[in-house]
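Observations on chain architecture
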Amino acid sequence: MKILIAYDGSGTSRTLLKDLRSAGLPEIAEVFLISISEVWLSPQNEKANSDSFQDKDISEYFEQHSRQMERDLTETEGILFEAKTELQKYFPGWIIDIEALIGSPSREILSKASVF
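Rules behind the numbers
Residues numbered from 1 in each chain as written. Predicted model: local features only at pLDDT ≥ 70, side-chain atom pairs only at ≥ 80, totals over all residues. Heavy atoms only, no water. Axes fitted to C-alpha atoms, helices over the stretch in contact; angles between N-to-C directions. Helix = DSSP H or I, 4+ residues; strand = E, 2+ residues; numbered from the N terminus. Parallel < 35°, antiparallel > 145°, perpendicular 65-115°, else oblique. Left-handed = near helix turned anticlockwise from the far one by under 90°. Contact = heavy atoms within 4.5 Å. Nonpolar A, V, L, I, M, F, W, Y, C, P; charged D, E, K, R; others polar. Salt bridge = Lys/Arg side-chain N within 4 Å of Asp/Glu carboxyl O. Buried < 20%, exposed > 50% of the residue type's maximum accessible area, 1.4 Å probe, protein only.

**Some thoughts on the packing of helix α1 (residues 11–19) against helix α3 (residues 56–90)**
Between α1 and α3, the shortest axis-to-axis distance is 10 Å and the interhelical angle comes to 20°. In terms of axis orientation, α1 runs roughly parallel to α3. Note that α1 runs across α3; the crossing there is right-handed. Across the interface between the two elements, R14, L17 and K18 from α1 touch A83, E86, L87 and Y90 from α3. Its residues assigned to classes, the contact of α1 with α3 shows 4 nonpolar, no polar and 3 charged.

**Here's the deal with the pattern of salt bridges**
In the structure shown here, the tally under the stated rule is 1 salt bridge. Note that E99 and K112 form a salt bridge whose closest N and O atoms lie 3.1 Å from each other. Of this pair, E99 sits in strand β3 (residues 94–102) while K112 sits in helix α4 (residues 105–115), placing them 13 residues apart in sequence. With a relative accessible area of 25%, E99 lands in the partly exposed category. For K112, a relative accessible area of 18% puts it in the buried group.

Given below as structure tokens:
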């Protein structure tokens, strides 16, 4: 069985991880655990060459945005690792892959669900 879990690290989501123990899930499963950092400026725009901007303020904004996205991803990866560790305690037979993403949570969840 394949299971996709979207996790945000909130108190409610941590409680829901514990509740999975009584959800009748199989002992063996392939699990994809994702967490999404929501950003208002798409990563594709962020990757634009900042040298192409004539306005120094715009260039600096893109550089700050890029650094913030890196911090968000690092934090999200930490949250996912903690969730994976907890899930492995509850379901030692699960194979769990994690991925930290940036974008619109609803869009990223649907995108992952369609290929998983």
